[in-house]
Amino acid sequence: MSVDLVRRLAKAKTALILEHPFFGVLAMNMPFELSEDVPTAGTNGKRVKFNPHFIETLTDEGLIFLVAHEVGHPMFEHPWRRYDRDHKKWNIAGDYVINECLVNDNIGKMPEGGLQDTSIY
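Residues numbered from 1 in each chain as written. Predicted model: local features only at pLDDT ≥ 70, side-chain atom pairs only at ≥ 80, totals over all residues. Heavy atoms only, no water.

J.: Please explain the sheet that holds strand β1 (residues 32-34) as it appears in this structure.
T.: Either a parallel or an antiparallel arrangement is found when strands of a sheet pair, and the pairing is made through backbone hydrogen bonds. Strand order in the open sheet formed by 3 strands is β1-β3-β2, with mixed pairing between adjacent strands. In this open sheet, the two edge strands, each paired with only one partner strand, are β1 and β2 (41-43). Neighbouring strand axes in the sheet, compared pairwise and without regard to direction, differ in orientation by 20° on average. Sheet analysis places β2 next to strand β3 (residues 48-50), joined by 3 bridges and oriented antiparallel. Bridge pairing links Thr43 to Val48 in β3. The strands touched by helix α1 (residues 3-19) are β1 and β3; relative to β1, the strand with the most contacts, the crossing angle is about 150°. (Pairing = 2+ DSSP bridges. Helix = DSSP H or I, 4+ residues; strand = E, 2+ residues; numbered from the N terminus. Axes fitted to C-alpha atoms, helices over the stretch in contact; angles between N-to-C directions. Contact = heavy atoms within 4.5 Å.)

As structure tokens, this is what we get:
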């Protein structure tokens, strides 16, 4: 595990605690791990996995956004409310909701390719 990436994740958590305490507390209470098992990042609601190659490409603000995004899924209870819905569609719908909240609250900077419905503006 890259010490630099672990430090960057810790720095993102700290920034959230200082600037957006609600998301910061959520982030501090979830274990994070670096894993190539996910293409970007993902959570099962109990822990968050970050692909090290993906997060290396992010700015610090992009990483703050990603950390807040991932803890947003359990915050909205997405893993537990999916039931038998299509996993991919459910995740995409959740991404739109979470990203809209984060953008509206100026939490980090959404990485390129993040899902947001700009047609409502």
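J.: Hey, could you run me through the nonpolar core in this one?
T.: Nonpolar side chains in soluble globular proteins tend to be buried together. Membership of the largest hydrophobic core comes to 26 residues, with the highest contact counts inside it found for Leu9, Leu16, Phe32, Phe50, Ile55, Leu63 and Val67. Broken down by secondary-structure element, the contributors of at least two residues to this core are α1, α2 (21-28), β1, β3, α4 (60-75) and α6 (87-104). With 7 residues, the top contributor of residues to this core is α4. (Core = buried A, V, L, I, M, F, W, Y, C linked by side-chain atoms within 4.5 Å. Buried < 20%, exposed > 50% of the residue type's maximum accessible area, 1.4 Å probe, protein only.)

J.: In this structure, what is going on with the layout of surface pockets? I would like to understand it.
T.: Gaps left between atoms are located by rolling a probe of water-molecule size over the structure's atoms. When its volume is computed, the largest pocket comes out at roughly 650 Å³. Around the largest pocket sit 26 residues that line it, and Ala41, His69, Glu70, Asn91 and Asp95 are the ones nearest its centre. For the lining of the largest pocket, the elements supplying multiple residues, two or more each, are β2, α4, α5 (78-81) and α6. Take the lining of the largest pocket: its biggest share by element is 6 residues, from α6. When its residues are assigned to classes, the lining of the largest pocket shows 10 nonpolar, 11 polar and 5 charged. (1 Å grid on protein atoms, 1.4 Å probe; cavity = no way out; pocket = protein on both sides within 12 Å on 5 of 7 lines; lining within 4 Å. Points joined across faces, edges and corners; volume = space filled by probe spheres on them. Nonpolar A, V, L, I, M, F, W, Y, C, P; charged D, E, K, R; others polar.)

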